[in-house]
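What the coordinates show
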Amino acid sequence: MGRELLARGYAHLPCLLPDDLVARLIRISAANVARASAAHRAANRSQGSLINIATDPGYAELVAAPEILNGLAGLGLADLRFQSGFLISKPGHSPALFWHQDWWGWSLGSSYHARPQQIGVMVYLGRTSVANGCLRALPGSHLRSHRLHGSITAHEAGLSRVEDEGHELYQSAQGEVALPSKPGDVLVIDARILHSAYPNTTDHERMLLTLWYHPFWPDLPRGIRAHAANVFDGAVSDISHDSRPTPRGWPPRALRKIAALVPEHPGGPPVEFDRRPDTNRMEAVRD
Ligand SMILES: O=C(O)CCC(=O)C(=O)O
């Protein structure tokens, strides 16, 4: 598997997506952001927005883009299924996104092995830098414990609303790496990595599409496949205020595009939802 992804927990695939696809994504995403209510944006002030892409079948071509699937194959990520995706758009002059990790299967031993069980594909729709809120990550934190694991209560409503901007989860952390991006680039992250985004200090909106895929689908524990299928189907949501839209409701033409990526439910109960790693089971990290 891609050494950078295994060792650091992220990989940068530059110039992957064609310009015309990026232009279409910008157009539909700007319209979706414009439709977001003030209440939605206030509830997600730290993210900027958290719009489920299942609300717009126009995203089908991105989910199934051959450039993304080939890029992931080049990293050794095979047998993919799609779980969910979000339009995360930080307005100009907005605060940092809090440090968090996105994995929810920590109750299982397989979560403490090197091989990722879920990856995020991040498609920034404009040039990003530290100034306008690019991604930042703590290399290796997908496998090794870090001080911040102790203070994380990821996706808690108060953190999303930014009730205390002085909280350490919004600040720079020792060892962080900035991951700027250009339109057409793709950043791939292991769902377990600690990451966040800098404040957007510019006058301009910064739009991101995050897509969550599961590689090595047939080998994943049954409970993980069950939870992923439930999320795809809109039966559960990791986000409490989300209305649980699902691509199952897309027109047949859009649904057909992603048919090979639909996670089939294996039957049986989902894994216990657990977003907190047992840091004793992770390798201790040296500062
Ligand atoms: O807004 C960003 O740059 C990062 C988004 C993120 O952390 C996520 O989708 O999990």
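Located above this text is the structure these notes cover.
Cut-off values and rules
Residues numbered from 1 in each chain as written. Predicted model: local features only at pLDDT ≥ 70, side-chain atom pairs only at ≥ 80, totals over all residues. Helix = DSSP H or I, 4+ residues; strand = E, 2+ residues; numbered from the N terminus. Rg over C-alpha atoms; globule rule 2.2 N^0.38 Å. Buried ≥ 20, exposed ≤ 12 C-beta atoms within 10 Å, placed from the backbone. Pairing = 2+ DSSP bridges. Near = placed C-beta within 6 Å. Nonpolar A, V, L, I, M, F, W, Y, C, P; charged D, E, K, R; others polar. Core = buried A, V, L, I, M, F, W, Y, C linked by C-beta atoms within 7 Å. Contact = placed C-beta atoms within 7 Å. Axes fitted to C-alpha atoms, helices over the stretch in contact; angles between N-to-C directions.

**Points about the overall build of the protein chain**
Tallying secondary structure elements over the protein chain gives eight helices and 12 strands in all. Over its C-alpha atoms the protein chain spans a radius of gyration of 18 Å, differing by no more than 12% from the 19 Å that the globule rule assigns to 287 residues. The dimensions of the protein chain, computed from C-alpha atoms along their principal axes, are 45 × 45 × 35 Å. Across the 287 residues in the protein chain, those meeting the buried criterion constitute 43%.

**Some thoughts on unusual backbone geometry**
Although it is not a glycine, Asp-79 sits at a positive phi angle of roughly 50°. Mapping Asp-79 onto the fold places it in the loop between α5 (66-74) and β3 (81-90). Its identity as a non-glycine residue notwithstanding, His-93 has a phi of 55°, on the positive side. In this structure, His-93 sits in the loop between β3 and β4 (97-100). Accessibility expressed as a C-beta count within 10 Å gives 11 for His-93, which makes it exposed.

**As for the sheet that holds strand β5 (residues 119-124)**
Pairing within the open sheet is antiparallel, and its six strands lie in the order β1-β9-β5-β11-β3-β2. Only two strands of the sheet have a single neighbouring strand rather than two, namely β1 (10-13) and β2 (51-52). Bridging between β1 and strand β9 (residues 186-190) involves four bridges; their strand directions are antiparallel. Bridge pairing in β9 places Tyr-10 opposite Ile-189.

**With respect to the site of the ligand**
The environment of the ligand is formed by Ile-88, Leu-97, Asp-102, Leu-135, His-195, Ala-197, Leu-208 and Thr-210. Put simply, the parts of the chain that give the shell around the ligand at least two residues each are β10 (195-197) and β11 (206-214). Its residues assigned to classes, the shell around the ligand comprises five nonpolar, two polar and one charged.

**What about the pairing of β11?**
Of all nine residues making up β11, nine are buried, and the element is well covered by its neighbours. Burial of the side chains of β11 extends over both faces: Arg-206, Leu-208, Thr-210, Trp-212 and His-214 are buried on one face and Met-207, Leu-209, Leu-211 and Tyr-213 on the other. Here β3 pairs with β11 via nine bridges, running antiparallel. Counted as the bridge partner of Phe-82 is Tyr-213 from β11. Bridge count for β5 against β11 is six bridges, and the pairing is antiparallel. Bridge pairing in β11 links Ile-119 to Tyr-213.

**A look at the nonpolar core**
Counting residues in each nonpolar core, the largest one holds 71 residues, and the members touching the most others are Tyr-10, Val-121, Met-122, Val-123, Val-186, Val-188 and Leu-209. Excluding residues that lie within four positions of it along the chain, Leu-209 makes contacts with Leu-25, Ser-29, Ile-53, Leu-62, Gly-85, Leu-87, Val-123 and Leu-125.

**With respect to the sheet that holds β4**
Across the sheet, which stays open at both edges, the four strands sit in the order β4-β10-β6-β8 with antiparallel pairing between neighbours. Since the sheet does not close on itself, it has two edges, and those belong to β4 and β8 (177-179), each with one partner. Averaged over all pairs of adjacent strands, the angle between their axes in this sheet comes to 25°, without regard to strand direction. Sheet analysis places strand β6 (residues 135-137) next to β10, joined by three bridges and oriented antiparallel. What sits directly across from Ala-137, in β10, is His-195.

**Section: the environment of Leu-135**
Tracing the backbone through its elements, the reader meets Leu-135 in strand β6. Note: C-alpha distance between Leu-135 and His-195 (60 residues apart in sequence) is 7.1 Å.

**Some details on the environment of Ala-157**
Tracing the sequence through the fold places Ala-157 in helix α6 (residues 157-161). As a C-alpha pair, Ala-157 and Asn-44 span 113 residues in sequence and 8.1 Å in three-dimensional space.

**Side note on the environment of Trp-99**
Mapped onto the fold, Trp-99 is located in strand β4. Note: C-alpha distance between Trp-99 and Leu-148 (49 residues apart in sequence) is 7.9 Å. When neighbours within four sequence positions are excluded, Trp-99 is seen to be in contact with Leu-148, Ile-152, Leu-169, Ala-173, Leu-194 and Ser-196.

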